[in-house]
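One-letter residues, chain by chain:
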Amino acid sequence: MLLKRRCLLIAFSALLNSSLHCVSSAFGLALLPGTLRQHSSFHRQSRSRRQYIVLHSSNSGNESSDEGASVSKDEDSDNEPNRFGRYWPIFKTASIAFVAGSLSAFILSIILFHQSLDYNPASTYQSADMSKSLLPTPTRTKSLSESSQMQQPVTLYRLIIDILKSSYVDEINTEEMVQTSVESMLSTLDPYTEYLSPKELAKRKNLVGIGAFVMKSGVSSDSVTLDGMSASKLISGIPSAIKLPTQLLEDKDATQKQAFKVVLSLEGYAYDAGLRVGDELISINGQSITGDDASTMPSLEEVRELLLGIPGTTVEVQFTRPGVDGLQTINIKRGVVQFPSVPCATMLQQSKDGSIGYIRLRRFGADAGESMKAAIQSLQSKAPQEVSPTRTQQDNTLAGLVLDLRDNTGGELFEAIKVASLFVPDNTYLGSSKGEGSMMPNQSYYSGKLDLAQADDPVQEPTQQMIDPDKTHVVILTNKQTASASEFLAGVFQDLDLGVIVGNDKETLGKGVGQRELPLPTGALKLTYHEFYTPSGRCVQRQYDQNKSKQSPRRHTNSDEVFYTTNGRKLGDRRGIQADRRFKPSRSDLSELLSSSGAYYKYASQWSAKHPSAKLTDVDEAIYKDFRSFVLKEQQKGNLKLEEIFDDKHILQQMEIISKSSNDRDLSLQSLVKIREEIVKDLLTDFDLSKDIIKRELELNLLTRDLPDRVLIERGAKSDALVKEAVKILLDNNSYDTILNKNAT
């Protein structure tokens, strides 16, 4: 569009130039007849005079002849300069007109060309009723050479499209081709800059529902697509106290109709309306969604469309509950589903010797700063009162705090700054953001205040320190899914030696960039516009392999550069946030399979049906033994296939097909049966080796039928292996100081 405008302006200026030349020429020609008439009259008078002199000379004597000759000679010498004078008016008139026209056209051409260079594409989008457009305004005027360099590839691209449209052997979809080329172009940049089609924007912006997720038995979420991604990927991104199943075990022996089953019900939404995990949906707004089997039921996407709608409207849901007779009907209000930034704040240990609090910071939403402030106040009010040696009044002080950033994928950077400000004095340098574009200038961040020009809310209250790290030791929990703003916050704690980073993994994700969505005439551009830098000066953004197409946005930075914390500890650059202490809790392959396959879910539903009024406190030996028997039965029925955990490529199935066509068919099949039995036998030993892990996950699945996610997170935190490791570090002052190298200062 910009190139087209410039070309039109230049063409217009050239046309104007030519027009003015024509006008000047016409003006000169218009004056020419009068000048020629004047010249013709003068010429006739000169000829008459000459003729008179010649005749007079021939009728006179020699004396007269000599006199006439003398006069004629003098007359000819007088006419020599007048010969130039006769043509001067013509030349002068044409020259003045030509110079005036050329000068006017040149000046107008320069003015129009500079206007084309100063043209701002944002004005085009803003005129399309986009008052909140975030398109950057150019901060400098491009030089002629830069404009030419940009015009050449754009012209080439347009030319290729035109040739394809007019001459390609088949009909082409121009819109699809352009979108593919845009996506390919953006793929050469960082992994997070992308084009969002109008369809993708519409789905996301209108995504409101009831705050519940449902599935149907016997259908893997890997085979279901929602919003352009597999349902299993969508499920993995849903924060929950339990590991949500990616499929549900099929009820092959069931005699009643199959129904969609609730696997997640959120507090504040469907949970408050009365819908619970394990409930089976029968109809939505009077439309039945059951079937004899999975093939006769509507698809997951069709059911979701029935549940979605305009915010504030209600949807009627009929369902049955295992262990409860009859059909139940409730009305659930639709709304934009948002997960709380701080779903849990609880005391892990409470005594006069030292109280330790726990806060789960799940995301950096718009309420993260205020939610953290409220959580700290809540914990401090529960801490035993101690008499401070520097104060005369009693002071509620936490001895330690565990801040859980695991699976926190980020959010608003300004909310991370607010949270960091709760732990440091005002005006403490917290880091910076840098970029080379015009979206936002390079910025430094300090505690207790925000750059109001960058904040969405023009009025920001300063955040004051609530935790003194010298009195309250802090441990930050991270894993590979800790990303973006949560990495910035962890980097602040590490660089300033405010706390110890304890991680499941060696490093966090390494996504240290910020994005904004820029509205386009069709769709939007999700643009990476700056990178995060921690107080020491290191960049959080991971350096990508130079052989890959996805690179770090600012590849010129040396990733081998070394930085230092306040106490002199060495830090690496462009590697995310490295854990000060890595603790890898024990994991169970069997438990992972029981979660993903829906075995935990199905047993919890059956147990709840048998014990509808039971108030479970924990999983005892009787329940654990019963669950083990349930798993063996499901394996024997073929509903559960434990061997698939080691056979994700289905090699055993391929071997079975080959064996059936071989000469020694029976022998081959017997060998496969023995292999499967050995795999299952080996896996079942996990019931003894990983008993604590399996019991914990089973307990949470049983409790999720009656308790909200908030309570389950609190309960799970107290038995979490990484949380227990954090508490050990907090209770050992020497170990804590050694990790932070406090003795060096």
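Here is what the cut-offs are and how they apply
Residue indices follow the written sequence of each chain, beginning from 1 at its first position. Since the coordinates come from a predicted model, pLDDT governs what is reported: local features require at least 70, and pairs of side-chain atoms require 80 or more to be given and counted, while whole-chain, interface and lining totals use all residues. Derived side-chain values reflect all non-hydrogen atoms in the structure, with water molecules and hydrogen atoms excluded from consideration. Numbered from the N terminus, helices here are DSSP runs of H or I no shorter than four residues, and strands are runs of E no shorter than two. Only protein chains enter the accessibility calculation, which uses a 1.4 Å probe. A residue is then buried if its area is under 20% of the maximum for its type, exposed if over 50%, and partly exposed in between. Contacts are assigned to residue pairs with any non-hydrogen atoms lying within 4.5 Å of each other. Any carboxyl oxygen of Asp or Glu that lies within 4 Å of a side-chain nitrogen of Lys or Arg is treated as forming a salt bridge with it. A pair of strands is labelled paired if DSSP reports no fewer than 2 bridges between them. Using a 1 Å grid laid over the protein atoms alone, points where a 1.4 Å probe fits but cannot get out form a cavity; open sets with protein on both sides within 12 Å along at least 5 of 7 lines form a pocket; any residue with an atom within 4 Å of a point counts as lining. Grid points are joined across faces, edges and corners, and a volume is the space filled by probe spheres set on the points. Per-residue confidence from the predictor is reported as pLDDT, a score between 0 and 100. Within this scheme, the nonpolar core is defined by two criteria: the residues are buried Ala, Val, Leu, Ile, Met, Phe, Trp, Tyr or Cys, and they are joined through side-chain atoms within 4.5 Å. Here a pair means two rings of Phe, Tyr or Trp (six-membered ring of Trp) with centres within 6.5 Å. Their orientation is stacked below 30 degrees between planes, edge-to-face above 60, and tilted elsewhere. Working rule: Lys NZ or Arg CZ, within 6 Å of ring centre, within 35 degrees of ring normal, means a charge sits over the ring. Arc definition: directions from the helix axis to the C-beta atoms. Under the rule applied, a polar contact is a pair of N or O atoms within 3.5 Å (in protein, one hydrogen donor and one hydrogen acceptor; residues adjacent in sequence only if both atoms are side-chain atoms). Interaxial angles span 0 to 180 degrees and are taken between N-to-C directions of axes, which are lines fitted to C-alpha atoms, for helices over the stretch in contact. Here is the rule for angles: anything less than 35 degrees is roughly parallel, anything more than 145 is roughly antiparallel, 65 through 115 is roughly perpendicular, and the remaining ranges are oblique. Take the far helix as your reference; a near helix turned counterclockwise from it by less than a right angle gives a left-handed crossing, and one turned clockwise gives a right-handed crossing. Each residue receives one of three labels: charged for Asp, Glu, Lys and Arg, nonpolar for Ala, Val, Leu, Ile, Met, Phe, Trp, Tyr, Cys and Pro, and polar for the others, Gly being one of them.

Our focus in this paragraph is the overall build of the protein. A count of helical and extended segments in the protein gives 22 helices and 23 strands. Here the protein holds 745 residues, and the buried ones make up 41% of them. Considering only contacts within the protein whose residues lie at least 6 apart along the sequence, 70% involve residues at least 24 apart.

Under the criterion given, the structure shown has 23 salt bridges. Between R158 and D162 there is a salt bridge, with the nearest N and O atoms lying 3.4 Å from each other. Taken as a pair, R158 and D162 lie in helix α4 (residues 144-167) at a separation of 4 residues, close to a single helical turn. Under the relative-accessibility criterion, R158 is labelled exposed at 52%. For the salt bridge of R587 with D589, the shortest nitrogen-to-oxygen distance reads 2.9 Å.

This part covers the pairing of strand β16 (residues 443-446). Looking along a regular strand, one sees side chains alternate from face to face of the sheet. Where burial is concerned, the two faces of β16 differ: the one with Q443 and Y445 is buried and the one with S444 and Y446 is not. Bridge analysis of strand β15 (residues 429-434) against β16 gives 4 bridges, and the strand direction is antiparallel. Across the sheet, residue S433 finds its bridge partner in β16, namely Q443.

What follows deals with empty space enclosed by the protein. The rolling of a water-molecule-sized probe over the atoms marks out the regions of remaining empty space. One pass over the structure, following the stated rule, counts 2 cavities of 30 Å³ or more. Reported here for the largest cavity is a volume of approximately 100 Å³. L264, S265, V277, T704 and D709 are, among the 13 residues lining the largest cavity, the residues nearest its centre. Elements with a minimum of two residues in the lining of the largest cavity: β5 (260-265) and α20 (709-717). Looking at the lining of the largest cavity, the element that brings in the most residues is β5, giving 3 residues. By volume, the second largest cavity amounts to about 70 Å³. In this structure, the second largest cavity is lined by F213, M215, K216, V219, S221, V224, A231, I235, F260 and L300.

What follows covers helix α11 (residues 413-421). By the criterion of burial, α11 is predominantly enclosed, with 9 of the 9 residues buried. Those residues of α11 that sit buried are L413, F414, E415, A416, I417, K418, V419, A420 and S421. For α11, the secondary structure elements touched by its buried residues are α10 (368-382), β15, β16, α12 (485-495) and β20 (524-533).

So, about the confidence of the model for the protein. Here the protein shows a mean pLDDT of 79. Residues at 70 or above account for 69%. Below pLDDT 50 for its whole length, residues 117-141 participates in 35 contacts with residues either more than four positions away or in separate chains.

On to the nonpolar core. The biggest cluster of nonpolar side chains holds 62 residues, and the ones touching the most others in it are F213, L275, L594, F627, L642 and F687. In terms of residue count, the dominant contributor to this core is helix α14 (residues 599-610) (6 residues). With sequence-adjacent residues up to four places away left out, F213 is seen in contact with L226, L234, I235, I238, K261, V262, V263, L264 and L300. If you look at the next biggest cluster of nonpolar residues, it comprises 40 residues, including L422, V492, L498 and F532.

Okay, the packing of aromatic side chains next. Taken as a whole, this structure holds 11 aromatic pairs when the rule is applied. Plain terms: the ring middles of Y603 and F627 are 5.2 Å apart, the flat faces sit at 70° to each other, and that makes the pair edge-to-face. Pair noted here: Y603 is in helix α14 and F627 is in helix α15 (residues 621-637), with a separation of 24 residues, a long-range link. Note on accessibility: Y603 and F627 belong to one class, buried. Taken together, the ring pairs connect Y600, Y603, Y624, F627, F630 and F687 into an aromatic cluster. Cation over ring: K434 sits above Y533, and NZ or CZ is 4.8 Å from the ring centre. The aromatic ring of Y601 is capped on one face by R705, whose charged end is 4.6 Å from the ring centroid.

Among the residues of helix α21 (residues 721-731), those classed as buried are L722, V723, A726, V727, I729 and L730. One side of α21 holds all its buried residues, which, seen down the axis, span an arc of 160°. N-cap assignment for α21: the residue whose side-chain oxygen lies 2.8 Å from the backbone N of L722 is D720.

Right, let's talk about the sheet that holds strand β17 (residues 473-478) for a bit. Sheet architecture is open: 6 strands sit in the order β10-β11-β14-β17-β18-β23, paired in mixed fashion. Either end of the sheet is taken by a strand with one partner, and the two such strands are β10 (344-349) and β23 (581-582). Across 5 bridges, strand β14 (residues 400-404) lies against β17 in parallel orientation. The residue of β17 that forms the bridge with V402 is V475. Of the strands in this sheet, β14, β17 and β18 (500-503) touch α12, which is tilted by about 140° from β17. Where α20 meets the sheet, its contacts fall on β10 and β11 (356-360), and the angle it forms with β10 comes to roughly 25°.

Bringing the packing of α14 against helix α19 (residues 691-703) into the picture now. At a minimum axis distance of 9 Å, the contact between α14 and α19 shows a crossing angle of 55°. As judged from the angle between their axes, α14 and α19 are oblique. The handedness of the crossing between α14 and α19 is right-handed. Together, Y600, Y601, Y603, A604 and W607 of α14 and I694, E697, L698, N701 and L702 of α19 make up the contact between the two elements.

As a further point, take the environment of G503. On the secondary structure map, G503 appears in strand β18. Since its relative accessible area comes to 0%, G503 is described here as buried. Sequence separation of G503 and R581 is 78 residues, and the distance between their C-alpha atoms is 6.5 Å. Setting aside residues no more than four positions away along its own chain, G503 makes contact with T478, A579, R581, R582, F583 and L722.

Turning to unusual backbone geometry, a few remarks are in order. A positive phi angle, near 55°, is found at N285, a position not held by glycine. One can find N285 in the loop between β6 (280-284) and β7 (287-288). Phi at R574 is positive, roughly 55°, even though this residue is not glycine. Tracing the sequence through the fold places R574 in the loop between β22 (570-572) and β23.

This next bit is on the environment of T565. Note on placement: T565 falls in the loop between β21 (562-564) and β22. When the C-alpha atoms of T565 and L496 are compared, they prove to be 5.9 Å apart, with 69 residues separating the residues in sequence. In this view, T565 contacts Q494, D495, D497 and L571; residues no more than four positions away in its chain are not counted.

Glancing now at the packing of α19 against α20. Where α19 meets α20, the axes come as close as 11 Å, and the angle between the chain directions of the two elements is 160°. Judged on the interaxial angle alone, α20 and α19 are roughly antiparallel. The element α19 and its partner α20 pack so that their crossing is right-handed. For the pair formed by α19 and α20, the contact residues are R696, E699, L700 and L703 on the first element and L712, R715 and G716 on the second. Looking at side-chain class alone, the contact of α19 with α20 contains 3 nonpolar, 1 polar and 3 charged residues.

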